[in-house]
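Secondary and tertiary structure notes
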Protein chains: 2
Amino acid sequence: MTTIVVPPVIPTPAEDADALLKAFQGWGTDERTVIAVLAHRDATQRKKIRMAYEENYNENFIQRLQSELSGHFERAMYHWVLDPVERQAVMANTATRCIHEDYPVIVEIACVNSSPELVAVKRAYHVLYKCSLEEDVAARATGNLRSLLLALVSTYRYDGDEVNDALAKSEAKILHETVMNSSETDHGELIRIVGTRSRAQLNATFGWFRDEHGSSITKALHCGADPTGYSHALRTSVRCISDANKYFVKVLKNAMHKSGTDEDSLTRVIVMHAEKDLKSIKDAFQKRASVSLEQSIAKDTSGDYKSFLMALLGKSGI
Amino acid sequence: MTTIVVPPVIPTPAEDADALLKAFQGWGTDERTVIAVLAHRDATQRKKIRMAYEENYNENFIQRLQSELSGHFERAMYHWVLDPVERQAVMANTATRCIHEDYPVIVEIACVNSSPELVAVKRAYHVLYKCSLEEDVAARATGNLRSLLLALVSTYRYDGDEVNDALAKSEAKILHETVMNSSETDHGELIRIVGTRSRAQLNATFGWFRDEHGSSITKALHCGADPTGYSHALRTSVRCISDANKYFVKVLKNAMHKSGTDEDSLTRVIVMHAEKDLKSIKDAFQKRASVSLEQSIAKDTSGDYKSFLMALLGKSGI
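Conventions used here
- Residues numbered from 1 in each chain as written.
- Chains lettered and ligands numbered in written order.
- Predicted model: local features only at pLDDT ≥ 70, side-chain atom pairs only at ≥ 80, totals over all residues.
- Heavy atoms only, no water.
- Helix = DSSP H or I, 4+ residues; strand = E, 2+ residues; numbered from the N terminus.
- Buried < 20%, exposed > 50% of the residue type's maximum accessible area, 1.4 Å probe, protein only.
- Domains from an automatic or database assignment.
- Contact = heavy atoms within 4.5 Å.
- Polar contact = N/O pair within 3.5 Å; in protein donor to acceptor, adjacent residues only side chain to side chain.
- Axes fitted to C-alpha atoms, helices over the stretch in contact; angles between N-to-C directions.
- Parallel < 35°, antiparallel > 145°, perpendicular 65-115°, else oblique.
- Left-handed = near helix turned anticlockwise from the far one by under 90°.
- Salt bridge = Lys/Arg side-chain N within 4 Å of Asp/Glu carboxyl O.
- UniProt positions renumbered as here; feature names shortened; annotations may be inferred.
- Least-squares fit on C-alpha atoms with pLDDT ≥ 70 in both.
- Buried area = accessible area lost by both parts, 1.4 Å probe.
- Expected span 1.5 Å × (residues − 1).
- Bend = angle between axes of the 7 residues up to and from the residue.
- Lys, Arg positive; Asp, Glu negative; His and termini not counted.
- Patch = residues over 30% accessible without salt bridge, like charges linked within 9 Å, V, L, I, M, F, W, Y side chains within 5 Å.
- Areas by Shrake-Rupley, 256 points an atom, 1.4 Å probe, with all protein chains shown as cover.
- Charge placed at Lys NZ, Arg CZ, Asp CG, Glu CD.

As recorded in an unreviewed UniProt entry, chain A goes by Annexin and comes from Oryza brachyantha.

Now the structure itself:
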């Protein structure tokens, strides 16, 4: 469920575009107005504002917005005003450029979207970059990390609920044997299973793993030094598939660690999920951290960036 | 372009269904009527006939049709009356069950369809088999054959015309080095390139290969003993991507070899392409074999099977 608050009566896209132009003009930007307008409009409304702005003022809306804002606030707002599908394509592309560090973004997009949603992201990727997400992932990653990420982004996974119990049992055995073997050279079968089976089937397999071996596969995959990123990417994909909410709570908690705030991760989770399932991530966070997500973020952020995230988390714009 | 001939005025689906019921009833089936009706209706019309039949006579149309016909004629008609997308899903599934022999079917479906067409086939596969084409391919093939087929069926290839010449040149070099090395252990990069790059990009790469090395990659891939099927599957995919018409002409020619007719391949090409591009395959065949496809097929087949193929190739039903 979405967390953003859209007022019951909203101005026309042209009126919103006009308010934004006024906020951009003059000495310094009126960031409060930018937030008051854009954080309280849904994706369709934001698209219409962007179109009205470009038609009426004959300039690229996103470029102007970016030039008026700065820092984490600018990056968050830039991603926010993109169409949600286009935004994921942009984020995936950015991640392919530094794939040995930014693979979690790719794993999240591949594992959390439904199959038709993932195809829509890949279609947007074609339009934006004149190539496929698959070829960029394949050309920029290597070894097991490549095999895993490529399987995750490529497969049109079955989204149904049917489960084959005998298969789950036999594949849980394969996963256990692979995980127990410390070498990463023979991970082909494991990557095949995690990369192609349906979420329901995989959760049954992970269930068998836990029942048979007394500990979850996520725990068994706990990895030390990880020079290639593969082990961590594998663990991330298993966690996204098992319980995406729990995974995102962990990302948020890590992003607001004592050692400093990871604004990129914070922005990513809030912006990508605000209009989708941020409500349930918030609930899971509260349960797990015994403090609300809003309180945690308010403590770790400041200025316009903070105001914007608060608005996306459900603070009314009025 | 389609080769089937649909009369300018056709009966209603209920009338066609009635004619088919009459053809099924009594002593022996009236195959001529079955062909006269079904070979001269397009996919939408056939679907409506199937629905009208099932609604009016309360029995499964395809099962009845199969029970009334036999041999190659039955198999061809069975595939013909399926929805074209569903038909490819059925053919792909059958091929996964004997994947070390039937991989050409999978390669054709993966390499000849556009990316949205391939997704439609994979969606139909989900509906029919409650699992993904990817997981069946991955679970039933092994080694390089698995890696190649999985990349082909998984990737949502970029369908645009843009070509990066520098990339084509560098990847042609990789292909050449891999092909010249007789070992098949290090084909990862080759599979990555063939499995993920766009058709336009690959054709530029194959062009560079030919220009630099004086012979086409298809010739360079000419393979002797091929126990796993990988070499042949690789060559098939390169040929489907380079020139699908030329490839299908070759399949048809091989299917009508002196040593005997391969009806499965013959049926597959005719039924799968009749409503799509059989016209251009026919033209290419005529050019290459100096005899028309109709003449060749007429010489190699007989009975209802022959009449049916002739009808699909453009013989009028009147």
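The next subject is the environment of Tyr57(A). Residue and element names in this part refer to chain A. Along the chain, Tyr57 falls in helix α3 (residues 43-57). Residue classification places Tyr57 among the partly exposed residues on the basis of a relative accessible area of 25%. In the structure, Tyr57 is positioned 39 residues away from Asp18 in sequence and 9.1 Å away in space, judged by C-alpha atoms.

Now for the domain arrangement of chain A. Accessible area lost upon the coming together of the parts is a frequently used measure of interface size. According to the domain assignment, chain A consists of domain 1 (13-69), domain 2 (85-242) and domain 3 (245-312). Distance from the C-alpha centre of domain 1 of chain A to the C-alpha centre of domain 2 of chain A: 38 Å.

Structurally, the position occupied by Lys130(B) is in the loop between α8 (115-129) and α9 (133-140). With near-sequence residues (within four places) excluded, Lys130(B) lies in contact with Tyr158(A), Glu162(A) and Tyr125(B). At a separation of 3.5 Å, a polar atom in the side chain of Lys130(B) contacts the main-chain carbonyl oxygen of Val127(B).

It is worth spelling out the packing of helix α17 (residues 263-273) of chain B against helix α20 (residues 303-312) of chain B at this point. Residues and elements named next belong to chain B. Two elements in contact, α17 and α20, have axes separated by 10 Å at closest approach and are oriented at 30 degrees. Judged by the inter-axis angle, α17 sits roughly parallel to α20. Crossing hand, α17 versus α20: left-handed. For the pair formed by α17 and α20, the contact residues are Glu263, Leu266, Thr267, Ile270 and Val271 on the first element and Tyr305, Leu309 and Leu312 on the second.

Attention shifts here to the pattern of salt bridges. If you walk through the whole model with that rule in mind, you get 40 salt bridges over all chains. Among the ionic pairs, Glu135(A) bridges to Arg197(B), the shortest N-O distance being 2.8 Å. On the criterion of chain membership, the pair formed by Glu135(A) in helix α9 (residues 133-140) and Arg197(B) in the loop between α12 (188-196) and α13 (199-213) is interchain, its members lying in two chains. Considered together, Glu135(A) and Arg197(B) belong to a single accessibility category, that of buried residues.

Glancing now at the UniProt feature "binding site: Ca(2+) 3" (unreviewed entry) in chain A. All names here are of chain A. This chain's UniProt record puts "binding site: Ca(2+) 3" (unreviewed entry) on Ala298. Mapped onto the fold, Ala298 is located in helix α19 (residues 293-300). Those residues in contact with Ala298 that sit more than four places away from it in its chain are Lys306 and Met310.

The transform that puts chain A on chain B rotates by 180 degrees and translates by 0.0 Å along the axis, for an RMSD of 0.0 Å. Here the symmetry operator amounts to a two-fold rotation axis. When C-alpha positions in chain A are compared against the rotation axis, the closest is assigned to Ser154(A), at 2.4 Å. Interface overlap between copies is the fraction of interface residues in one copy that are interface residues in the other; for chain A against chain B it reaches 100%, indicating a shared surface.

Another aspect to go through is the interface of chain A and chain B. Each side of the interface is counted separately: chain A has 26 residues, and chain B has 26 residues. Of the roughly 2200 Å² buried at the junction of chain A and chain B (both faces included), carbon and sulfur atoms supply 59%. Per-residue buried area on chain A facing chain B is highest for Glu135(A), Tyr156(A) and Tyr158(A); these three make up 30% of the total on that side. If you look at where chain A meets chain B, you find 4 salt bridges. Where chain A touches chain B, the interface holds 10 residue pairs in polar contact (both at pLDDT 80 or more).

Let us now look at the UniProt feature "binding site: Ca(2+) 1" (unreviewed entry) in chain A. Residue and element names in this part refer to chain A. If you check UniProt for "binding site: Ca(2+) 1" (unreviewed entry), the listed places come out as Phe24, Gly26, Gly28, Glu68, Lys258, Gly260, Asp300 and Thr301 in our numbering. Considering the C-alpha atoms alone, the annotated residues occupy 278 residues of sequence and remain spread out, their largest mutual distance being 39.0 Å. Within the secondary structure, Gly260 sits in strand β2 (residues 260-261). Its relative accessible area of 32% is what places Gly260 among the partly exposed residues. Here Thr301 shows up in the loop between α19 and α20 (303-312). Judged by its relative accessible area of 9%, Thr301 is buried.

The next subject is helix α7 (residues 99-112) of chain A. Residue and element names in this part refer to chain A. Over its 14 residues, α7 runs 18 Å from end to end, which matches the ideal 20 Å to within 8%, given 1.5 Å per residue. At Val105, α7 shows its maximal kink, close to 30 degrees. Where burial is concerned, most of α7 is hidden: 10 out of the 14 residues are buried. When we look at burial in α7, the residues that qualify are Ile99, Tyr103, Pro104, Val105, Ile106, Val107, Glu108, Ile109, Ala110 and Cys111.

Residues and elements named next belong to chain B. Looking at the element boundaries, Glu263 is found in helix α17. Arg75 provides the closest opposite charge to the buried, salt-bridge-free Glu263, at an N-O distance of 6.9 Å. Not counting the four nearest positions on each side in its chain, Glu263 is found in contact with His72 and Tyr305.

For the rest of this paragraph, the subject is a positive patch on the surface. All names here are of chain A. A surface patch of like charges, here positive, comprises Arg210, Lys219, Lys246, Lys250, Lys253 and Arg288. In terms of residue count, helix α16 (residues 244-255) provides more of the positive patch than any other element does, 3 residues in total. Looking at the secondary structure, you find Lys246 in helix α16.

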